Amino acid sequence: MVKGGYSPSLIRVQQGVPVRLIFDRQEGSDCTSRVVFPDFRISKSLPAFQKTSLEFTPDRSGEFGFACGMNMLHGTLIVEENGTQNFWISEVDNGTAWDGADFDNADQNPDDIVRVFADHGELLVFGDASTEFWASSGATDFPFSRLTSIETGLAAKWSVAKFETSVMFLAKNRLGNVQVVLLNGYTPMPVSTPDLDTLLNQYDTTNDAVAFSYRENGHTFYQLTFPAEEKSWLYDGTSGTWSELQSDGTRHIADIGEHFNGKTYVSDHESARVYLLDPNTYTENGTGITRQFVGRHVFKEDRQSINSFWLDMETGVGLATGQGSDPQAVLRYSTDGGHSWSNEIPAPIGKVGEYDTRVIWHRLGRARDFTFEVTVTDPVKTVFVNGFIKTS
């Protein structure tokens with residue numbers, strides 16, 4: 001309000017964030033007919049008995065004065081640098097309108113805000129080492145108030161994604177260790193396995209991780225990529241399993257995913273292309289996809305002979321012509337804990353319509369420890385179900 005002065009006379013905004021200030025001039029005095037922000041080279045006329053908006057983006061932090069055109073009435077604009085405990089809200093249903101005074105502090109813990117995320121009518125204010133939960137309070141000055149907080153922070157700003165009815169993200173604890181968690185109410189439940197946690201905490205860079213979620217064939221997935229490490233991981237919430245994703249031997253091609261009209265679209269991290277994520281397409285923009293699984297160790301103190309290994313998978317999926325018309329599953333096995341591997345042994349998985357095909361390998365040798373690896377590179381539907389061995 002502008003009447004014999006400025007109310008409020010102290011305005012807080014954030015560096016680099018667009019600001020919209022509303023001056024409600026409730027008088028006709030010449031003194032307040034103009035407001036001046038000299039440090040930002042702004043001079044704005046304020047018509048009497050009207051509301052006037054002033055929009056700009058502060059490009060530096062600090063404390064700056066503003067005044068009327070006669071330099072008699074004064075106020076202070078505080079521009080806080082990025083990396084603070086403050087967060088702002090926009091006008092209702094208008095993400096382009098911001099009042100510099102509409103902010104609060106997530107100061108339950110002494111860490112800076114990383115991201116604010118909305119879920120089920122609440123605000124998740126993620127800090128570097130903690131997370132605060134805010135909900136609508138109905139107050140007229142600032143309509144949100146703190147509910148509770150947890151000592152789990154956000155390790156990567158863009159790793160947050162909706163997952164089923166909750167939120168999943170790459171978390172960081174007070175010791176600096178990272179792991180993937182799913183919120184159960186206000187409790188973070190670990191989703192990544194101890195083995196995956198070990199790998200993630202060996203990465204040099206984790207704060208650049210990006211993630212998105214999607215649903216396909218009754219399964220909900222969370223895809224997490226570490227650009228600097230060139231690694232991508234996929235979590236299947238239905239089976240509770242993790243898989244590594246690759247495109248041409250490195251990280252997966254997809255970067256960010258969004259949902260539109262019941263479909264999932266992903267961006268190409270190397271170009272301006274946007275792709276439709278289609279479960280019935282078995283290439284990535286024409287490039288083949290390698291599907292591979294490595295089984296658990298099959299160990300026996302006395303040496304065992306593997307008479308046969310049968311892979312239960314969907315068969316008869318061959319294409320009519322070209323590559324994939326006679327698709328193959330390729331087996332390798334190791335008898336020394338994965339340090340060395342056998343030669344590749346192909347087995348047909350069925351031309352189109354050959355649904356009774358059995359994918360089986362015989363007489364695989366004798367050893368105490370076996371590990372099996374199966375790979376399919378043909379552009380066909382690939383569904384691994386289970387594996388069975390016959391020993392003697």
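Calculation rules
Residues numbered from 1 in each chain as written. Predicted model: local features only at pLDDT ≥ 70, side-chain atom pairs only at ≥ 80, totals over all residues. Heavy atoms only, no water. Phe/Tyr/Trp six-rings, centres within 6.5 Å; stacked < 30°, edge-to-face > 60°. Buried < 20%, exposed > 50% of the residue type's maximum accessible area, 1.4 Å probe, protein only. Helix = DSSP H or I, 4+ residues; strand = E, 2+ residues; numbered from the N terminus. Lys NZ or Arg CZ within 6 Å of the ring centre and 35° of its normal. Core = buried A, V, L, I, M, F, W, Y, C linked by side-chain atoms within 4.5 Å. Disulfide = S-S within 2.5 Å. Pairing = 2+ DSSP bridges. Axes fitted to C-alpha atoms, helices over the stretch in contact; angles between N-to-C directions. Salt bridge = Lys/Arg side-chain N within 4 Å of Asp/Glu carboxyl O.

Section: the packing of aromatic side chains
Argument step 1. This model, assessed by the stated rule, comprises 21 aromatic pairs.
Argument step 2. Ring centres of Tyr-235 and Trp-242 lie 5.0 Å apart, and the angle between their planes is 40°; on these two criteria the pair is classed as tilted.
Argument step 3. For Tyr-235, a relative accessible area of 11% gives the class buried.
Argument step 4. Assessed through its relative accessible area of 16%, Trp-242 is described here as buried.
Argument step 5. Between Tyr-333 and Phe-370, the ring centres sit 5.9 Å apart and the planes meet at 45°, which makes this aromatic pair tilted. Linking Tyr-333 in strand S30 (residues 328–334) with Phe-370 in strand S33 (residues 366–376), this pair joins segments that are 37 residues apart in sequence. For the pair Tyr-333 and Phe-370, a shared accessibility class is recorded, and that class is buried.
Argument step 6. Three or more aromatic residues joined by ring pairs form one cluster here, namely Tyr-6, Phe-23, Phe-37, Phe-40, Phe-56, Phe-64 and Phe-66.
Argument step 7. Here the guanidinium or amino end of Arg-60 rests over the ring plane of Phe-40, the centre of that ring lying 4.7 Å away.

Thoughts on the nonpolar core
Argument step 1. With 21 residues, the main nonpolar core has Tyr-6, Phe-23, Phe-37, Phe-40, Phe-56 and Leu-77 as its most contacted residues.
Argument step 2. Counting residues per element, the ones that place at least two in this core are strand S1 (10–14), strand S2 (19–25), strand S3 (34–37), strand S5 (50–56), strand S6 (62–68) and strand S7 (74–80).
Argument step 3. The next biggest cluster of nonpolar side chains, apart from the first, holds 20 residues, and it includes Leu-196, Ala-211, Trp-233 and Trp-242.

Here we look at the state of the cysteines
Argument step 1. Going through the model one piece at a time under the given rule, you end up with zero disulfides.
Argument step 2. Left without a disulfide partner, Cys-31 is nearest to the cysteine sulfur of Cys-68, which lies 3.3 Å away.
Argument step 3. Note on Cys-31: relative accessible area 12%, which makes it buried.

As for unusual backbone geometry
Outside of glycine, negative phi angles account for most residues, and trans bonds account for most peptide bonds.
Argument step 1. With an omega of 5°, the peptide bond running from Ser-7 to Pro-8 counts as cis.
Argument step 2. Relative to the elements of secondary structure, Pro-8 occurs in the segment before S1.
Argument step 3. The residue Asn-261 is not glycine, and still its phi comes out positive at about 55°.
Argument step 4. Take Asn-261: it is sitting in the loop between strand S23 (254–260) and strand S24 (263–268).

Quick notes on the pairing of strand S16 (residues 166–172)
Every other side chain in a regular strand lies on the same face of the sheet, so the side chains alternate between the two faces.
Argument step 1. With seven of seven residues buried, S16 lies mostly within the body of the structure.
Argument step 2. Note that strand S14 (residues 153–154) and S16 share two bridges and pair antiparallel. Paired with Leu-154 across the strands is Ala-171, a residue of S16.
Argument step 3. Where strand S15 (residues 161–163) and S16 come together, three bridges link them in antiparallel fashion.

Remarks on the sheet that holds strand S21 (residues 231–236)
Argument step 1. In spatial order, the strands read S19-S20-S21-S22; together these four strands make up an open sheet with antiparallel pairing. Strand pairing shows two members of the sheet lacking a second neighbour, strand S19 (210–216) and strand S22 (241–245), which therefore form its edges. Looking at each pair of strands side by side, their axes are set apart by 20° on average, direction ignored.
Argument step 2. Direction of pairing for S21 relative to S22: antiparallel, over a ladder of five bridges. Residue pairing in the sheet places Trp-233 in a bridge with Glu-244 of S22.

Observations concerning the pattern of salt bridges
Argument step 1. A full pass over the atoms with the stated rule returns 12 salt bridges.
Argument step 2. The partner of Glu-55 in a salt bridge is Arg-20, and the shortest N-O contact between them spans 3.6 Å. Within this pair, whereas Glu-55 is found in strand S5, its partner Arg-20 is found in strand S2, the two being separated by 35 residues in sequence.
Argument step 3. Since its relative accessible area comes to 53%, Glu-55 is described here as exposed.
Argument step 4. Two residues, Asp-107 and Arg-146, come together in a salt bridge whose shortest N-O distance is 2.9 Å. Taken as a pair, Asp-107 in the loop between strand S9 (94–105) and strand S10 (113–119) and Arg-146 in strand S13 (residues 144–150) lie far apart in primary sequence, 39 residues in all.
Argument step 5. The partly exposed category is assigned to Asp-107, whose relative accessible area is 44%.
Argument step 6. Taken together, the salt bridges that share partners define one network made up of Asp-107, Glu-132 and Arg-146.

Spatial relationships are all this shows, so hold off on functional conclusions.
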